[in-house]
Amino acid sequence: MNDNNERRVVSVIVVNEASVLSRITDLFSGRGYNITSLTVAPIPDSKYSRLTIVTSGSVRVIEQITKQLHKLIPVLRVYEHADLVEKEMALVKFPITENISDISAICDAYNGKIVNVGNDVVITMVADEPKRVDHYLEAIKKYNPKEIVRSGAVALER
Amino acid sequence: MQISGAQMVIEALIAEGVDTVFGYPGGAIMNVYDEIYKQDKFQHILTRHEQAAVHAAEGYSKASGKVGVSMITSGPGFTNAVTGLADAYMDSIPMVVISGQVPMSLIGTDAFQEIDAVGISRSCTKHNYLVTDANDLPRILKEAFYIARTGRPGPVHVDIPKDVTAQIAEFNYDIELDLETYKPHVKGNPRQIKKAMEAIANAKRPLFYLGGGVINSNAAYEVRELVHNTGIPAVETLMALGTLSHDDKLRVGMLGMHGSYAANMAMSETDIVIALGARFDDRVTGKLSEFAKNAAVIHVDIDPASISKLVNANYPIVGDVKNVVEEMLKLVSMVDSQNYEPWRETIENFDELHPLTFHEDTENIKPQWVIKRVGEILGDDANISTDVGQHQMWAAQFYPFTRPRQWITSGGLGTMGFGFPAAMGVKAAVPEETSINFTGDGSILMNCQELMTAVEKKLPVINIILNNNFLGMVRQWQTLFYDKRHSETDLSVQPDFVKLAEAFGGIGYRVSTKEEFDTALKDAVEKNIVAFIDVKVERFENVMPMVPSGGSLFNMMLLEKKESK
């Protein structure tokens, strides 16, 4: 089944009710599908939530994922995105002793900035395409990041 | 009106037209059982195990076409029922299973008989609910029945904490359901149907591939009409038996692992498969890459996820089989039955080459003979349930089915212990017809406590045990593929089945000749109480023909030819 594993972003609109997230994740684990990342938050002024799932699989697997998701009773809509705007956020904690102006300049290049300065650490935030976030995390390696947290991708069809 | 959650359950069941509930009480569901005691609108059948309660409701549902209902308590009551839920889910049986749960205040505290029931049932139900407020109960129960019987049917589990069944709230069942996220697609796309009919008209070797969905959508008689009006041969899956009468000239037989040679060869040579409510299960297709290799595929199914899941569909049609077949019937003049005459002859030749048969060459009764004999004696008058294993395949191969819903078996999950309780459910649904359970000496012990239920509730199921002192199907695989190492499949040590039946107040027969069998069966039908007929059959008989697991349909192991006497 793993021929031509392709990275895909799937958005799912679900009724915001108890255990709906387990229904989604159980489906992925039960049927052996991958989840690279998953984000979820309520849609403002509605009874729905929106999940953004980054997954991978062959064309047939992706088609099954969308169909099986749609089969779940609380699922309103499933979008398998082709043409989309996709963003991900990353927070990184650096020792204050590192070169802050270098770090700040790199953040600039990736849609980010320093968001918190403490006695011992600074925290930066960048928001960009997941690929670019990868590059950013590569670039800041030499400044001894102490902690990194990524949000997982969110996406909207163009 | 203001009533308790427990009363709501009763009122909802009555409003849904439920006449029989199969269940087993316990602590967390006691409030509901108290209300069952007070009412006389539906009967409650007390099984002796929760698994059997769910299987009985499955049998009831399969025989009647109605939603099966069972009721159990929390914790072990629920976990015992899980096999039944999974079985109903795999075979798309409409069911509502109601379980008690510990009170809300105790949920999450590892309370006595607490288990995360909805967490467990999530992966083996169509949908499930944990009710947290009695005000939601009318809507949830109404949704549960609606979801169970519409679309691709399936079991719905409703878990109700004990304090919710005690809570008083407003009950109004006369509500419009607003299921914005659940809208099954019933009507097939007319353009797609027309394109499919054109493709059939242009084909030389079309073949109907009928699945359990035909039975579920009550489309068997429409399908018969379509088959006859087009003159296109048809194969059936295990779940579709009874769609066509056994003696229908266009019926090629069951396909798959133990299907007939003709059915499997027809599937291998067809140029267009018309799949109606079938899901290309691995026991049907064998090696996928060689299944109907040169054929285009028309796939009609109410579940979009079944289409192109395993075999790519050239003509996908999402819709209810009955609805789509009715539309196809309107276009039937596009198809000229004459065109398929050579194809029908080809299939007839397949059947003549290797007909579905067996050799009566031993002193012991052949198990297949028993099946055929019951068919000769009872035929159309009996509904046939089975357990799982060799006897199940022989029943599928040799019983002369004449109508839909005559055949009740555990297909997808393959649950040993299914047959007896299911046959009780069948008897409860259609009391005027004889309910037979073909079983094996392995399977019958997995729910034999139901003798008690059958005696108490006067459900005279006739259990015919094809006794070969083996866990036969596993033994067959060990013989064929494990160099005859019969690991843990020898069941020579077994109970006295006659005494076992008698101990519960049933009747038992021990049979080792054909004459004894005839006498026993006739006597059991006459006596009209639950019976075990323990038939000593040939020990090493194999189910043939056979497609070895993962093999191609056209590469069957065949019955050895013998000179006819």
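As the structure is a prediction and not an experimental result, all values here were calculated from the model.

How each quantity is defined
- Residues numbered from 1 in each chain as written.
- Chains lettered and ligands numbered in written order.
- Predicted model: local features only at pLDDT ≥ 70, side-chain atom pairs only at ≥ 80, totals over all residues.
- Helix = DSSP H or I, 4+ residues; strand = E, 2+ residues; numbered from the N terminus.
- Rg over C-alpha atoms; globule rule 2.2 N^0.38 Å.
- Buried ≥ 20, exposed ≤ 12 C-beta atoms within 10 Å, placed from the backbone.
- Contact = placed C-beta atoms within 7 Å.
- Nonpolar A, V, L, I, M, F, W, Y, C, P; charged D, E, K, R; others polar.
- Pairing = 2+ DSSP bridges.
- Axes fitted to C-alpha atoms, helices over the stretch in contact; angles between N-to-C directions.
- Right-handed = clockwise from strand over helix to strand, strands pointing away.
- Domains from an automatic or database assignment.
- pLDDT = per-residue confidence, 0-100.
- Parallel < 35°, antiparallel > 145°, perpendicular 65-115°, else oblique.
- Left-handed = near helix turned anticlockwise from the far one by under 90°.
- Arc of directions from axis to C-beta.

**Regarding the overall build of chain B**
- For chain B, the helix and strand inventory stands at 21 helices and 20 strands.
- Relative to its length of 565 residues, chain B is compact, with a C-alpha radius of gyration of 24 Å against a globular reference of 24 Å.
- Taking all 565 residues of chain B together, the buried fraction comes to 56%.
- Of all intrachain contacts in chain B linking residues separated by at least 6 positions in sequence, the fraction that spans at least 24 positions is 76%.

**Some details on the interface of chain A and chain B**
- Each side of the interface is counted separately: chain A has 16 residues, and chain B has 13 residues.
- The set of elements that each furnish at least two residues to the side of chain A that touches chain B consists of helix H1 (20-30), helix H2 (59-71) and strand S4 (75-80) of chain A.
- The biggest single contributor to the side of chain A that touches chain B is H2(A), with five residues.
- Of the residues in the side of chain A that touches chain B, the class split is six nonpolar, five polar and five charged.

**Topic: unusual backbone geometry**
All names here are of chain B.
- In this model, Met 544 is joined to Pro 545 through a cis peptide bond whose omega is 0 degrees.
- If you trace the backbone, Pro 545 turns up in the segment after strand S20 (531-536).
- In the Ramachandran plot, Asp 110 falls in the positive-phi region, its phi being about 60 degrees despite a non-glycine side chain.
- By the element assignment, Asp 110 lies in the loop between strand S5 (95-101) and helix H5 (117-121).
- Of note in the backbone geometry, Ser 308 takes a positive phi value of approximately 60 degrees without being a glycine.
- If you trace the backbone, Ser 308 turns up in the loop between strand S13 (296-301) and strand S14 (315-318).
- With 19 C-beta atoms packed within 10 Å, Ser 308 lands in the partly exposed category.

**Examining the sheet that holds strand S11 (residues 251-254) of chain B**
All names here are of chain B.
- Taken together, the six strands give an open sheet; going across it, the order is S11-S10-S9-S12-S13-S14, and neighbouring strands pair in parallel fashion. The two strands at the open ends of the sheet, each matched to only one other strand, are S11 and S14. Strand-to-strand, the axes of this sheet are offset by a mean angle of 15 degrees, without reference to chain direction.
- As defined by bridge partners, strand S9 (residues 206-210) adjoins strand S12 (residues 272-276) across five bridges and the pair is classed as parallel.

**Digging into the pairing of strand S19 (residues 507-511) of chain B**
Residue and element names in this part refer to chain B.
- For S19, the tally of buried residues reaches four of five residues, placing the bulk of the element in the interior.
- Relative to S20, S19 runs parallel, the two sharing five bridges. In the strand pairing of S20, Ile 507 is matched with Ala 531.
- For the crossover that starts at S19, traverses helix H21 (residues 514-527) and ends in the parallel S20, the hand is right-handed.

**Section: the domain arrangement of chain A**
Residues and elements named next belong to chain A.
- With domains assigned, chain A is organised as domain 1 (6-82) and domain 2 (85-157).
- Residue-level contacts link nine residues of domain 1 with seven residues of domain 2.
- Of all the elements in the fold, those that place two or more residues in the side of domain 1 that touches domain 2 are strand S1 (6-15), strand S2 (37-42) and strand S3 (48-57).
- With three residues, S2 is the single largest residue contributor to the side of domain 1 that touches domain 2.
- Partitioning the side of domain 1 that touches domain 2 into residue classes produces four nonpolar, five polar and no charged.

**Brief notes about the confidence of the model for chain A**
- For chain A, the mean per-residue pLDDT works out to 94, and 98% of the residues sit at or above 70.
- Within chain A, no element has a lower average pLDDT than H2(A), which sits at 94, and none a higher one than strand S7 (residues 121-128) of chain A, at 97.

**As for the packing of helix H10 (residues 220-230) of chain B against helix H13 (residues 321-330) of chain B**
Residue and element names in this part refer to chain B.
- Orientation of H10 relative to H13, taken along the N-to-C sense of each, is 30 degrees, at an axis distance of 9 Å. On the basis of their axis angle, the class for H10 and H13 is roughly parallel. In this structure, the crossing between H10 and H13 has a hand that is left-handed. When H10 is examined against H13, the residues Glu 222, Val 223, Glu 225, Leu 226 and Asn 229 are found in contact with a partner set consisting of Lys 322, Val 325, Glu 326, Met 328 and Leu 329.
- Its residues placed into classes, the contact of H10 with H13 shows five nonpolar, one polar and four charged.

**Details of helix H4 (residues 130-139) of chain A**
Residue and element names in this part refer to chain A.
- Those residues of H4 that sit buried are Pro 130, Val 133 and Tyr 136. Considered in projection along H4, the buried side chains sweep an arc of 105 degrees and stay on one side of the axis. Away from its buried face, by an angle of more than 90 degrees, H4 presents the exposed residues Lys 131 and Glu 138.
- Contact partners of the buried residues in H4: strand S5 (84-95), helix H3 (100-109), S7 and strand S8 (147-157).

**Brief notes about the domain arrangement of chain B**
Residue and element names in this part refer to chain B.
- As assigned here, chain B comprises domain 1 (2-170), domain 2 (190-353) and domain 3 (367-536).
- The gap between the C-alpha centroids of domain 1 and domain 3 is 29 Å.
- Put simply, the parts of the chain that give the side of domain 1 that touches domain 3 at least two residues each are strand S2 (20-23), strand S3 (43-46), helix H3 (50-64) and helix H4 (76-90).
- If one sorts the elements of the side of domain 1 that touches domain 3 by residue count, H3 sits on top with 11 residues.

**Some points on the packing of helix H11 (residues 261-269) of chain B against helix H14 (residues 341-353) of chain B**
All names here are of chain B.
- Where H11 contacts H14, the axes come no closer than 8 Å and their chain directions differ by 140 degrees. As far as their axial angle goes, H14 and H11 are oblique. Between H11 and H14 lies a crossing whose hand is right-handed. Counted together, Tyr 261, Ala 262, Met 265 and Ala 266 of H11 and Ile 347, Phe 350, Asp 351 and Leu 353 of H14 form the full contact between these two elements.
- Residues of the contact of H11 with H14, tallied by class, amount to seven nonpolar, no polar and one charged.

**Overview of the confidence of the model for chain B**
- Overall, the prediction assigns chain B a mean pLDDT of 97, with 99% of residues at 70 or greater.
- Reported confidences for the modelled complex are a pTM of 0.95 and an ipTM of 0.90.

**So, the sheet that holds S19(B)**
Residues and elements named next belong to chain B.
- The six strands are arranged S16-S15-S17-S18-S20-S19 in an open sheet whose pairing can be described as parallel. Both outer strands of the open sheet, strand S16 (407-408) and S19, are each paired with one neighbouring strand and no more.
- In this structure, strand S18 (residues 462-467) lies alongside S20, joined through six bridges in parallel fashion. By the bridge assignment, Asn 463 is partnered in S20 with Phe 532.

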